[in-house]
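Chain and residue survey
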Amino acid sequence: MAADGGMKPLQNAMKLAKLAIQLDAGNRHKEAYCEYLRSINYISHALLEDAESIEEGEMVAEEVEKMLKLAEQCLERAKSFIGREESLSAISTTTTLAEPSYHSTTATSVAVCPGNVVSPQDPDTESKLNSSPGHRRALSDGGGGLSPFLPPEVFQRLQTIEPLGTRKELTPIEEASRLNQKLKANYEARLARLPPAQARTQKTSLTLSFERQMMENLIIAKARQDALQRKMEERRLRLQEEANRRFAASGSITAEEPEQRVLYTNVLEYEQDHDWPKLWKAKLKKYPDDVTLASGLVSRLLSCPDHPVMKLLKRHQYRVYNRLYPIVSKCLPASPALSIKPSHSTQSLSISGSRRRASESGVGHSLSSNASLNMTCSNEHNSSTVDSGCDGHHTPNRENSFEDLEQFLSQLDWQPCHGDHNMTFEPSHQVDQETLIKDLEMRALKDHLKAIVKDIHNAIDQLLSLCLLSFECLNTANSKDLCLASIEEAFFTPVWGPLLALFRKVHRQRELSFESSMTLYRDASPDAVGVSPELYPQDPAVLRGSYPYESAVQELRLLSRDCCPQKKLDCIVRTLRVICACAEDYGSLQEEDSKTASIGADDLLPILSYVTLRCELPQLVSECAALEEFIHEGYLIGEEGYCLTSMQSALQYVESLHTRGFQLHNSKLT
Amino acid sequence: MAAGGGAGGSNKTYSFKVVLLGEGCVGKTSLVLRYCENKFNDKHITTLQASFLTKKLNITGKRVNLAIWDTAGQERFHALGPIYYRDSNGAILVYDITDEDSFQKVKNWVKELRKMLGNDICLCIVGNKIDLEKERHVSVEESEGYAESVGAKHYHTSAKLNKGIEELFLDLCKRMMDTAQAEERAKGNGASQSTSSRRGVQIVDDEPQAATAAGGCCSSG
């Protein structure tokens, strides 16, 4: 997990807060206000996740305290806007009026408030941020209910933060603004130094000359800016033509081509401004067989957030996340400050979702015989009802004294129950209606999942082709695989959490079956699932306190740690290899000369079933279903494909176990 | 080297998936191990032991990569068969000539395979353990007749004596290549190469193989 190098929550929170302060200092009140709220939102999200995680909290007390302090400060700042709330928008417009030239260009707050410039983020943390902001945690505790995810806006912010301070080159107008700031400071200092006697006479002339200088600066800057813009425009046209020529040469015309052409123009533009692509291309041309060069280039590319390939990647990522979020985020407390715009269909989905879960918990009661299952169901029921209560209750009490808050919360506890009862139908129709609704919802969820999977495939295809278009030198079989693997890793790492959550929703019934079998067979010996007695030691002493195939179980448990399909697949392959190695070891322990031949599928599948039972991770079902969608075609036929298929079979078998009863395995043993 | 000349400039490599079906005790594991373990090839044994094996061949100048997927023979895993044999190019269905029951199981699989995969898949029905000829319970006429009736080829093997195994695989490979080539022709050459679907031909760049399976086959046959 540490290797993933995700940023610490505190650092993320500080980053967000810094951005808010910058905006605040730049008099962009409304944006600053929103940004403060976002910081608070993120902090509470991170702390909540930490506090709820089963393993001991990853954060140290000191860090938690700092986070809370930070939240407090953000809250203070946000509160300070409230008095001016109505004028929030007005303020920004009036300041715009007062200093039109400053605010007409975007992102000039740096120029306006040089004193407050936050030190530029070092590129190191920048790139770390790209890898994973904190979703690994959402994943790692995914055993129970759905963990809440960051709202898409915060997600995007964390993915693409481009701090205002990092701009290296200022536009002419920005430069002029800076200059004018200095002039202003000078002017004020001189005014202050004036002896009172001369103040009146000199002030006018000083003011006049100050204003004239400012005006001049701005006019010059404007002219330079226009010239620059014209030049850029010309260059753009030239590059566009180049791109067109390139595409004309390739012949085939597809629907995506115009888009690809625009993207390629961006690449050319980028290459005019940056030297590294040229240098790497030259290097690769010189040593085309050097594999390390290709991988070096790919990682260089991935570390450049402003390269068109990476920009496209972030865009696709955000799009996917945005589509996932409304469906998987139901546990998130609704915050009025966030304006998420769910599409019509997803909204109806999420509303009915809580009802679905309510009905499911009813099913759980009647079907299951074990306590733990009921617990999880009812827990989820609770959480869903609470947040549906939040949905309906957008107006918190004004004076936030503690009693009011308590009262408010107790209201929340009660209300949803009434709400739920109002929703139910006549008892006689209820079952029919609910199954119908459940069916419809499931179908909608499946369609949604299918669409998202397709989107992801398309996104990755587009990314790969743009990548190969930008660096033709990578268009060899080996380098192409490398590119694809790197792109996938960068793409999937931050979105795997919510993606898996959707898969889990769709495969919920399968996971429940798996859980039922798991509780039934948790302590069963390997032969209960049909493992031949020759393939594990009968003498407990040999195992020294562990159970058979424990190392394989440990290996498999690591599966949920990775966030990228290829790595997960590798984990499954390793698990099967460990099983084979274990079987061989156990075989060599047997005294009789019944030479245990290499194990085939007849032996492998029962052992694998046993290992998955012992693993106690119902989400394996969904993980594997997701892997099935994202495994490369080239791997399908090979060892990876075989291992995934075997894992799927073992899981399916385990799911069916609890309905079969114990004796069935005796019917046919090898 | 031989491949470079024989292939006539095409560096195409065929990748085929072959599933191995058969009841628990018919000896399919020994069969496939015998094939992949022979002295030229022992390095091809993967870390998954007999469950999943690969073999590289060179047939009439064309490179072939075989991926041999073993399946579980137990009844309770039968429902899971389809995910194993989807996209297969060939299937080897093994029975034990001393066990009538295992032959009946083969018939069931044939039905299922034909139903799921149609005629695209090359079927081989294999009567193993011919070293136990004296205890034979499945007659040669019956089994060969059945194979012909379902469009499959029939082979007799002995994993113990290493008999008939090379021929079986070589023959299967040739048939799969014919099927793949026919498919290619049907699609129209050239453009179809890059868009070839999940099953069938893949273009892989790997070093030419010197060892020829044909030679091994002749010596053992």
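Residues numbered from 1 in each chain as written. Chains lettered and ligands numbered in written order. Predicted model: local features only at pLDDT ≥ 70, side-chain atom pairs only at ≥ 80, totals over all residues. Heavy atoms only, no water.

Quick look at the overall build of chain A
Per the secondary structure count, chain A includes 28 helices and zero strands. Each of the 670 residues in chain A was classed as buried or not, and the buried ones make up 47%. Within chain A, contacts between residues at least 6 apart in sequence are counted, and of these 79% link residues at least 24 apart. Accessible surface for chain A amounts to roughly 34200 Å². Of this, 54% is attributable to carbon and sulfur atoms. (Helix = DSSP H or I, 4+ residues; strand = E, 2+ residues; numbered from the N terminus. Buried < 20%, exposed > 50% of the residue type's maximum accessible area, 1.4 Å probe, protein only. Contact = heavy atoms within 4.5 Å. Areas by Shrake-Rupley, 256 points an atom, 1.4 Å probe, with all protein chains shown as cover.)

Concerning the overall build of chain B
From N to C terminus, chain B includes eight helices and seven strands. Taking as baseline every contact in chain B between residues at least 6 positions apart, the subset at least 24 positions apart corresponds to 74%. Of the roughly 9600 Å² that chain B leaves accessible, carbon and sulfur atoms contribute 53%.

A closer look at the packing of helix α15 (residues 308–328) of chain A against helix α20 (residues 477–506) of chain A
All names here are of chain A. Relative orientation of the contacting elements α15 and α20 amounts to 10 degrees, with a least axis distance of 9 Å. If you check the angle between α15 and α20, you find them roughly parallel. When you trace α15 past α20, the crossing you get is left-handed. Residues Leu-313, His-316, Gln-317, Val-320, Tyr-321, Leu-324, Ile-327 and Val-328 of α15 touch α20, and the partners they reach there are Ile-487, Ala-490, Phe-491, Pro-494, Val-495, Pro-498, Leu-499, Ala-501, Leu-502 and Lys-505. Class assignment for the residues of the contact of α15 with α20 results in 15 nonpolar, two polar and one charged. (Axes fitted to C-alpha atoms, helices over the stretch in contact; angles between N-to-C directions. Parallel < 35°, antiparallel > 145°, perpendicular 65-115°, else oblique. Left-handed = near helix turned anticlockwise from the far one by under 90°. Nonpolar A, V, L, I, M, F, W, Y, C, P; charged D, E, K, R; others polar.)

Points about the pairing of strand β6 (residues 153–156) of chain B
Residue and element names in this part refer to chain B. Relative to β6, strand β5 (residues 122–128) is paired through four bridges, and the arrangement is parallel. Looking at the pairing, Cys-124 lines up with Lys-153 of β6. Of the crossover connections in this fold, the one passing from β5 over helix α5 (residues 140–149) to the parallel β6 is right-handed. (Pairing = 2+ DSSP bridges. Right-handed = clockwise from strand over helix to strand, strands pointing away.)

Some words on the packing of aromatic side chains
All chains considered together, the criterion is met by 19 aromatic pairs over all chains. With centroids separated by 6.3 Å and ring planes inclined at 65 degrees, the aromatic side chains of Trp-496 of chain A and Phe-630 of chain A adopt a geometry described as edge-to-face. In this pair, Trp-496 of chain A sits in helix α20 while Phe-630 of chain A sits in helix α26 (residues 620–630), placing the two residues 134 residues apart along the sequence. Relative to Trp-69 of chain B, the ring of Tyr-642 of chain A lies with its centre 5.1 Å away and its plane at 85 degrees, an arrangement referred to as edge-to-face. (Phe/Tyr/Trp six-rings, centres within 6.5 Å; stacked < 30°, edge-to-face > 60°.)

Some points on helix α2 (residues 28–37) of chain B
Within α2 of chain B, seven of the 10 residues are buried, which leaves it mostly tucked inside the rest of the structure. Those residues of α2 of chain B that sit buried are Lys-28, Thr-29, Leu-31, Val-32, Leu-33, Tyr-35 and Cys-36 of chain B.

A word on the packing of helix α24 (residues 565–589) of chain A against helix α25 (residues 601–615) of chain A
All names here are of chain A. Axis separation between α24 and α25 bottoms out at 11 Å; the angle between their running directions is 115 degrees. Considering the angle they form, α24 stands roughly perpendicular to α25. The crossing of α24 and α25 is right-handed. Residues Thr-575, Leu-576, Ile-579 and Cys-580 of α24 form the contact with α25, whose participating residues are Leu-604, Ile-607, Leu-608 and Val-611. Each residue belonging to the contact of α24 with α25 can be placed in one class, and the counts come to seven nonpolar, one polar and no charged.

With respect to α26 of chain A
Judged by how many residues are buried, α26 of chain A sits mostly within the fold: 10 of 11 residues are covered. Leu-620, Val-621, Ser-622, Glu-623, Cys-624, Ala-625, Ala-626, Leu-627, Glu-628 and Phe-630 of chain A are the residues of α26 of chain A that are buried.

Re the interface of chain B and chain A
Taken together, the contacts link 32 residues of chain B with 35 residues of chain A. Taking the shortest distance from any N to any O, the salt bridge between Arg-86 of chain B and Glu-628 of chain A comes out at 2.7 Å. Run the count over chain B and chain A and you get 16 residue pairs in polar contact (both at pLDDT 80 or more). Elements that contribute at least two residues to the side of chain B that touches chain A include exactly β1 (13–22), α2, β3 (62–70) and α3 (81–85) of chain B. (Salt bridge = Lys/Arg side-chain N within 4 Å of Asp/Glu carboxyl O. Polar contact = N/O pair within 3.5 Å; in protein donor to acceptor, adjacent residues only side chain to side chain.)

So, the confidence of the model for chain A
Reading predicted coordinates in detail is not appropriate for stretches of low pLDDT. Residue and element names in this part refer to chain A. Here chain A averages 73 in pLDDT, while 68% of its residues score no lower than 70. Of all helices and strands in chain A, the one with the weakest mean pLDDT is helix α6 (residues 109–112) (35), whereas α26 scores best (95). Overall, residues 87–147 carries pLDDT values under 50, and its contacts beyond four positions in sequence, including any with other chains, amount to 119 contacts. Low pLDDT (under 50) marks residues 662–670, which in the prediction has 16 contacts with non-local residues, meaning those over four places away or in another chain. (pLDDT = per-residue confidence, 0-100.)

Digging into the nonpolar core
Counting 168 residues, the largest nonpolar core has Phe-491 and Tyr-549 of chain A as its most contacted members. Among the elements that make up this core, the one with the highest residue count is helix α19 (residues 427–470) of chain A (14 residues). Counting 33 residues, the second largest nonpolar core, distinct from the first, contains Val-18, Cys-36, Ile-68 and Ile-165 of chain B. (Core = buried A, V, L, I, M, F, W, Y, C linked by side-chain atoms within 4.5 Å.)

Things to note about the environment of Gln-73 of chain A
Residue and element names in this part refer to chain A. Checked against the element boundaries, Gln-73 lands in helix α3 (residues 61–82). You can call Gln-73 partly exposed: its relative accessible area is 43%. Distance in space between the C-alpha atoms of Gln-73 and Ala-17 is 9.4 Å, their sequence separation being 56 residues.

Examining the confidence of the model for chain B
Residue and element names in this part refer to chain B. For chain B, mean pLDDT is 79; residues scoring 70 or higher make up 76% of the total. Contacts of residues 39–44 to residues separated by more than four positions or lying in other chains number six contacts, the stretch itself having pLDDT below 50. Below a pLDDT of 50 lies the segment residues 190–221, which in the model reaches 53 contacts outside its immediate sequence neighbourhood of four places, other chains included. Across the whole predicted complex the pTM is 0.65, and at the interface the ipTM reaches 0.83.

Here's the deal with the pattern of salt bridges
All names here are of chain A. Overall, the coordinates contain 28 salt bridges over all chains when judged by the stated rule. Of the charged contacts in the structure, one is a salt bridge between Arg-77 and Asp-24, with a shortest N-O distance of 2.6 Å. Separated by 53 residues along the polypeptide, Arg-77 in helix α3 and Asp-24 in helix α1 (residues 9–25) bring together distant segments of the chain. Owing to a relative accessible area of 34%, Arg-77 belongs among the partly exposed residues under this scheme.

Considering unusual backbone geometry
Even without being glycine, Tyr-549 of chain A reaches a positive phi, approximately 60 degrees. Structurally, Tyr-549 of chain A can be placed in the loop between α22 (540–543) and α23 (550–557). On the accessibility criterion, Tyr-549 of chain A (0% relative accessible area) is buried. Residues other than glycine seldom take positive phi values, yet Thr-60 of chain B does so here, at roughly 40 degrees.

Considerations on the pairing of strand β4 (residues 90–96) of chain B
All names here are of chain B. In terms of burial, β4 is largely enclosed, as seven of its seven residues are buried. A two-sided burial pattern is seen for β4, the buried positions comprising Gly-90, Ile-92, Val-94 and Asp-96 on one face and Ala-91, Leu-93 and Tyr-95 on the other. Strand direction decides the pairing type here: β4 and β5, joined by seven bridges, are parallel. Across the sheet, residue Val-94 finds its bridge partner in β5, namely Val-126.

Observations concerning the side chain of Glu-639 of chain A
For Glu-639 of chain A, the position within the fold is in helix α28 (residues 639–657). Side chain to side chain, Glu-639 of chain A and Arg-577 of chain A meet in a polar contact 3.0 Å long. Setting aside residues no more than four positions away along its own chain, Glu-639 of chain A makes contact with Val-573 and Arg-577 of chain A together with Thr-47, Leu-48 and Phe-52 of chain B.

Some words on the environment of Asn-162 of chain B
Structurally, the position occupied by Asn-162 of chain B is in the loop between β6 and α6 (165–187). We classify Asn-162 of chain B as partly exposed; its relative accessible area is 33%.

Considerations on the state of the cysteines
Scanning the entire structure with this criterion turns up zero disulfides over all chains. Looking at the unpaired Cys-615 of chain A, the closest cysteine sulfur is the one in Cys-571 of chain A, lying at 8.7 Å. (Disulfide = S-S within 2.5 Å.)

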